[in-house]
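Below are the chains, spelled out letter by letter.
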Amino acid sequence: MNILVIGAGGREHALAWQCAKDDKVQQVYVAPGNAGTALETKCQNVILDVTGDDSDHSSVINFCKNNAIDMVIVGPEAPLVNGIIDACRDAGIKAWGPTAYCAQLEGSKTFAKEFMIEHNIPTAAYQGFTDAASAKDYVKEQGAPIVIKADGLAAGKGVIVAETTEQANAAIDDMLADNKFGDAGSRVVIEQCLVGEEASFICMIDGDNILPMATSQDHKRAFEGDTGPNTGGMGAYSPAPVVTQEVHDKVMTQVIQPVVDAMNAAGHPYTGFLYAGLMIDESSDPYVIEFNCRFGDPETQPILMRLQSSMADLVNQGLKGQLPKQAQWDPRPALGIVIASEGYPESSSKGDVIAGLPELTDKSNPSVKVFHAGTAFADGQKVDSLDADSAVDEDKEIVTDGGRVLCVTALANTILDAQQAALTVTGAISFDGAQYRRDIGHHAITRDMINSAPTNH
């Protein structure tokens, strides 16, 4: 079986690595990939236009036809929103992901909010605006804290949780007046600020059948203590203790199943991964903060560290409309720490040499895996070609090539043990301006401490 994974981040490295573990998989191609996927066993990077001017996705389609690709797995949101699944299906290529219609759940905050209201999916009250003055009037009326979101795709960074009306007004100006997020910010959605604990609930859906992935919790804020600006994610862990069986059942019946039913009723069956970013309130009631139409990043890394079923098999079953009800999971928790480049999330540094990277398959420490995201080779060659003579030199220097550079992911008996194992490896990796959080998993660790504390009777 030959598989093509679309994308360049840590999510795609994890997907490619997990698929390559299956003995039935001969080759995993990654477009465009990163330095990690170039060095991964049974993986090879390829140069294809996946999000640019190739609006008909012909480069992907031609590659699939010429290289006997059995299935395509699309990682990032942009090609999904741009219709890559529709194009592949029209060409007779099996591709895993939602159609462009379904991907509007992530591609447009306005579409998503209207969809949720129409189908009684619990979410925060909101209003949409294209005019800065009207948006500011609404903020003045509602008060702070309040949430300002760019309507379109902004790589996970177009969300501002404003603690004051001044911060909210500045965010509105950035998006509507100063065009900070380009077309994504030409319209803003302003939401009620929900209170509770966040969780990520990710499923595989084949149009009818739903397979919940292991639960997880992401850490969006840049700095420790959940402070600082929102990012694409500074780390994650799985499972998320806040998602009790009661919460799990509510999410399935109040959030996931209504999406599946509504898309079927609209004539656009949902296929692929569906990510519900949730706020769980003190009554254990879930509210949808956002939908993503793909696997989360960095949630993918710890979740796939725990997956014992074959990802290739699950996708293949999904493409046939035969997803199982359950997958097999390692009972141990996993935790991933993102190492970001200097300036992230406002900017990123490229070309800084990364030192201290362990072997991709470290037999002396098999419970820790370093997934690459924003990495490249020092000679500027981000991917290798399909030429047989162009084997990647494993001694090449690896450098930074984006905001989130690596995700150090550990599997252990407890969340605290996983955190410490990940921190040990993270601390040995260095490059100019490297930044990471040391408190990833703190909600679960605090819960464990409370639950294990002795009680007096």
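Asker: Talk me through the pairing of strand β2 (residues 27-32); I want residue IDs and the actual numbers.
Answerer: Here β2 lies mainly inside the structure; five of its six residues are buried. The handedness of the strand β1 (residues 2-7) to β2 crossover, carried by helix α1 (residues 10-20), is right-handed. Of the pairings in the sheet, the one linking β2 to strand β3 (residues 43-45) comprises three bridges and is parallel in character. Bridge pairing links Val 28 to Cys 43 in β3.

Asker: Describe in detail the environment of His 268, supporting the description with residues and values.
Answerer: Among the secondary structure elements, His 268 is positioned in the loop between α10 (245-265) and β16 (271-280). For the pair His 268 and Ala 100, spaced 168 residues apart in sequence, the C-alpha to C-alpha distance is 9.6 Å. Setting aside residues no more than four positions away along its own chain, His 268 makes contact with Tyr 101, Cys 102 and Met 263.

Asker: Hey, could you go over the sheet that holds strand β18 (residues 334-340) for me, with residue numbers and the actual values?
Answerer: Taking strand neighbours across the sheet as the criterion, the five strands line up as β12-β15-β18-β23-β20 in an open arrangement whose pairing is antiparallel. Since the sheet does not close on itself, it has two edges, and those belong to β12 (217-218) and β20 (368-372), each with one partner. Relative to β18, strand β15 (residues 235-238) is paired through four bridges, and the arrangement is antiparallel. When the bridges of β18 are listed, Gly 235 appears paired with Ile 337.

Asker: I'd like a rundown of the environment of Val 242, residues and numbers included.
Answerer: Assignment of secondary structure puts Val 242 in the loop between β15 and α10. Judged by relative accessible area, Val 242 falls into the buried class, the value being 8%. For the pair Val 242 and Arg 447, spaced 205 residues apart in sequence, the C-alpha to C-alpha distance is 9.2 Å. Beyond its immediate stretch of four places on either side in the chain, Val 242 contacts Glu 197, Glu 198, Ala 199, Gln 217, Val 247, Ile 280 and Arg 447.

Asker: Would you mind going over the sheet that holds β1 in detail, with residue names and values included?
Answerer: Read from one edge to the other, the open sheet built from five strands follows the order β3-β2-β1-β4-β5, with strand pairing classed as parallel. Sheet topology places β3 and β5 (95-96) at the edges, where each strand pairs with a single neighbour. Two strands pair when backbone bridges link them, and β1 and β2 are joined in this way by six bridges, in the parallel orientation. Note on β2: the bridge partner recorded for Ile 6 is Ala 31. Docked against the sheet, helix α3 (residues 58-66) engages β1, β2 and β4 (71-74), running at close to 165° with respect to β1. Packed on one face of the sheet, helix α12 (residues 311-319) meets β1, β4 and β5 and runs near 105° to β4.

Calculation rules
- Each chain has its residues counted from 1, running along the sequence as written.
- Only residues with pLDDT of at least 70 get local features here, since the model is predicted, and only at 80 or more are side-chain atom pairs given and counted; chain-wide, interface and lining totals rely on the full set of residues.
- Hydrogens and water molecules were not included; the side-chain quantities draw on all heavy atoms of the structure.
- Three exposure classes are used, based on accessible area relative to the maximum for each residue type with a 1.4 Å probe and protein chains only: buried under 20%, partly exposed in between, and exposed over 50%.
- In this description a helix means any DSSP run of H or I spanning at least four residues, a strand means any run of E spanning at least two, and both kinds are numbered starting from the N terminus.
- Handedness rule for crossovers: strands pointing away from the viewer, path from the first strand over the helix to the second running clockwise, crossover right-handed.
- In short, DSSP must find at least two bridges between two strands for them to pair.
- Contacts are assigned to residue pairs that have any heavy atoms within 4.5 Å of one another.
- Convention adopted: a line fitted to C-alpha atoms gives each axis, helices being fitted over their contacting stretch, and angles between N-to-C directions are expressed from 0 to 180 degrees.

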